[in-house]
Each structure stands twice: as structure tokens, then as C-alpha cells.
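# Coordinates in review
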Amino acid sequence: MKWPTWEQAAIAAALSGIVALVLRRRKSVDELAGFTEQLTVEFALISALYAVWRVARRLPLAQDDGAIERARSIVDFQDAIYLPTELSLQQFILRHDWLGWPTTLYYAVLHVPALIAFLVWLFVFHRAHFAHWRNGLVFLTGMCLVIRFWRVAPPRFLADLGYEDLSERFGPSIYGPVGTGVSDQFAAMPSIHVGWAAVVSLGIFAVSTSRWRWFLLLHMIITIIVVSASGNHWWLDGIVAIGLLAVGLWLDTFVRSFVARRKEPAPSDNDQQLARSERDVSSIS
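Figured I'd write up the structure that's included with this text. Not measured: the values here are computed from a predicted model.

## Focus: the overall build of the protein chain
- Secondary structure assignment for the protein chain yields 12 helices and zero strands.
- Element order for the protein chain, N to C, with α for helix and β for strand: α-α-α-α-α-α-α-α-α-α-α-α.
- For the protein chain, buried positions account for 38% of its 285 residues.
- Of the contacts formed within the protein chain by residues at least 6 apart in sequence, a portion of 82% connects residues at least 24 apart.

## A look at the nonpolar core
- Counting residues in hydrophobic clusters, the biggest one holds 26 residues, and the most contacted among them are Leu115, Phe118, Trp133, Leu140 and Val199.
- At the level of elements, helix H2 (31–56), helix H6 (111–125), helix H7 (130–147), helix H9 (192–207) and helix H11 (235–263) are the ones that each hand at least two residues to this core.
- With 14 residues, the next largest nonpolar core counts Val75, Val152, Ala153 and Tyr163 among its residues.

## What to know about the layout of surface pockets
- Quantified by volume, the largest pocket comes out at close to 980 Å³.
- For the largest pocket, the lining is made up of 30 residues, of which Ile46, Ser47, Tyr50, Ile116 and Leu119 are closest to its centre.
- Contributions of two or more residues to the lining of the largest pocket are made by helix H1 (6–24), H2, H6 and H7.
- Looking at which element gives the most residues to the lining of the largest pocket, the answer is H2, with nine residues.
- By residue class, the composition of the lining of the largest pocket is 24 nonpolar, four polar and two charged.

## Some thoughts on the pattern of salt bridges
- For the structure shown, the criterion picks out five salt bridges.
- Between Glu42 and Arg134 there is a salt bridge, with the nearest N and O atoms lying 2.7 Å from each other. Here the residue Glu42 occupies a position in helix H2, and Arg134 occupies one in helix H7, the gap between them amounting to 92 residues. Here Glu42 matches Arg134 in class, with each residue buried.
- A salt bridge links Asp160 to Arg72; the nearest nitrogen and oxygen atoms lie 3.0 Å apart. Taken together, the residues span a long stretch of sequence, with Asp160 in the loop between H7 and helix H8 (166–170) and Arg72 in helix H3 (residues 67–80) at a distance of 88 residues.
- We classify Asp160 as exposed; its relative accessible area is 54%.

## Description of the packing of aromatic side chains
- Applying the stated rule across the entire model yields seven aromatic pairs.
- A centroid spacing of 6.1 Å and a plane angle of 35 degrees characterise the contact between Phe118 and Trp121, whose relative ring orientation is tilted. A residue pair is termed a helical-turn pair when its members lie 3 or 4 positions apart in one helix, as Phe118 and Trp121 do in helix H6 at three residues.
- Using a relative accessible area of 3% as the deciding quantity, one classes Phe118 as buried.
- Ring centres of Trp250 and Phe254 lie 5.4 Å apart, and the angle between their planes is 15 degrees; this geometry places the pair in the stacked category.

## Focus: unusual backbone geometry
- Omega for the peptide link from Met189 to Pro190 comes to -10 degrees, which places this bond in the cis form.
- Among the secondary structure elements, Pro190 is positioned in the loop between H8 and H9.
- One non-glycine residue with positive phi stands out, namely Tyr82, at about 65 degrees.
- Within the element layout of this structure, Tyr82 appears in the loop between H3 and helix H4 (86–95).
- For Tyr82, a relative accessible area of 75% corresponds to the exposed category.

## Concerning empty space enclosed by the protein
- By the definition in use, this model includes two cavities of 30 Å³ or more.
- As a volume, the largest cavity reaches approximately 50 Å³.
- Thr104, Tyr107, Ser167, Pro172 and Asn232 are the residues nearest the centre of the largest cavity, which is lined by 10 residues in total.
- Put simply, the parts of the chain that give the lining of the largest cavity at least two residues each are helix H5 (100–109) and H8.
- Counted by class, the lining of the largest cavity contains five nonpolar, four polar and one charged residues.
- The wall of the second largest cavity is formed by Tyr106, Tyr107, Leu110, His111, His193, His219, Thr223 and Val226.
- Every element with two or more residues in the lining of the second largest cavity is listed here: H5 and helix H10 (218–229).
- Counting residues per element, the lining of the second largest cavity draws most heavily on H10, at three residues.
- When the residues that make up the lining of the second largest cavity are grouped by side-chain class, the tally is four nonpolar, four polar and no charged.

Rules used throughout
Residues numbered from 1 in each chain as written. Predicted model: local features only at pLDDT ≥ 70, side-chain atom pairs only at ≥ 80, totals over all residues. Heavy atoms only, no water. Helix = DSSP H or I, 4+ residues; strand = E, 2+ residues; numbered from the N terminus. Buried < 20%, exposed > 50% of the residue type's maximum accessible area, 1.4 Å probe, protein only. Contact = heavy atoms within 4.5 Å. Core = buried A, V, L, I, M, F, W, Y, C linked by side-chain atoms within 4.5 Å. 1 Å grid on protein atoms, 1.4 Å probe; cavity = no way out; pocket = protein on both sides within 12 Å on 5 of 7 lines; lining within 4 Å. Points joined across faces, edges and corners; volume = space filled by probe spheres on them. Nonpolar A, V, L, I, M, F, W, Y, C, P; charged D, E, K, R; others polar. Salt bridge = Lys/Arg side-chain N within 4 Å of Asp/Glu carboxyl O. Phe/Tyr/Trp six-rings, centres within 6.5 Å; stacked < 30°, edge-to-face > 60°.

See the structure below:
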């Protein structure tokens, strides 16, 4: 899969920003123009963030030294808290090899289209909730971008423990040699796949009132299973990603509440005097 470059994303963000400014300066704004303006603003923001993400991958800050040792530390920690081993899940897939290709295909192709479809659905049908989940997504992805400089190898690099790269056996293989491709192979912690799947599943569950929202929780559950069984992530990678999303959503709620309280008008002298009079009357009665 050939992803857009940071230059293409930056141009898209600039053009969308210009369109948004032109629409904002219009004297008469109808409903369609207002919708288009907000859409271009959101597209500009997401494109700009994508450009930053692609540029950050080029920064010479990350060193692969220690990635294998940190992966082994995760294994030891997961054993200490009695998490099940990812290897048993991978061996189950290998014993039932008809599951191999769907597992690797789900990992390779679904997380980005599902996220895009969710954002479009949320913007069109539940726009009042869009900013909250967009901000949670931005916080999650930004933290993943920062944490990735703390290098951690995925399970498939620990062949001595019995792990395999299922994509090499069943396809499709989305990784080439280390250091190539759009994805960083030593950035297992945290799992962006699980984080984005959590945004989709939990966002739909929180916003929608349809009974089908329970069914769509399966996207997050299946993603957690797939990233572990394929040898691309540890359980802890997904747990941390979901935790980061929860923090991002909480921060957004906290900031909104704080801003709303600051915008509340201060009580006037007459209001304060009236309140004191009411308290005096209540105390006498």
C-alpha cells in the first residue's frame, strides 16, 4: 500500500485551510456552506497531523538498540501478571491454517478504512460528538508517535521463543526490510491498530443507540486478537493504547468543562444581594 507523502498531506491541508477561510468570509452563509466550511477545517486538521506524523518518522531520534531487550522485558512483565502468552494464540492459528490468511489480511488492510469510515459517519450523522472523539484520536496518535522513540520489538522478532511472522507464511506481507515502508517495525509499543480500533468500536458504542453497536465492539476485540496472533504486538501494546485513548477522552471532557465554567457570567452585585436576602429570609423562617 502506497500512503500519501507528507508533502502531499501538507498541500492538502493548506488548500483545505484556504477554502475554509474563503467560506468563513462569506457574508451570507447557508447550511451547505456551513457544513462545507466545517468539513474543510476538519480535513485540513487531519491532513496536517498526518503530515507531522510522516515527518516525525524521518527524525533521527529513534535507535533500534535495546528494542529486543525491551521486548523480552515485556514478556517477563506479562508473565509476572499472569497474562496469557501470545504464542499460544499464534500456535492455534498455525494448527488451523485456514485462519492464517484472514488474520493477516485483517491486520494489513482494515484499520485505516474502518477509522476513515467511522470519522465520516460521525461527522455526517453525529457531528455534535465529532470533536470529542477526534480529540481523543489526536491525543492517542500523538502519544503513540512520542512513545515510538522508546523502541520495542514485536513478537515476530523473537524467533528463539517460537514466534513466527504469519504475514510471511500466509500473506499479505506489509513489511519489507527493517527501516523501509510506511510502518515502523520497532514501534510495537503501543499498538496503533488497537488504539484506532478502540476509537471506532467505543465511539460507535457511545454515540449510537442502535442495537448493532454491540456487534461493532467485535472490531476492537478481533483487532486485539489479530495483532497478537500475527506476531506484530504484545498484549501490553494494546492495553496501553486503550489506556491512552481513555486519558485523551477524559482530558477533552475536563478541558471542555473548565472552559464552560470560565465562560459562565459572574454574578452581579444585585444577584449577590438578592441571594443574601433569600438566605436571610430562609434563616428567619
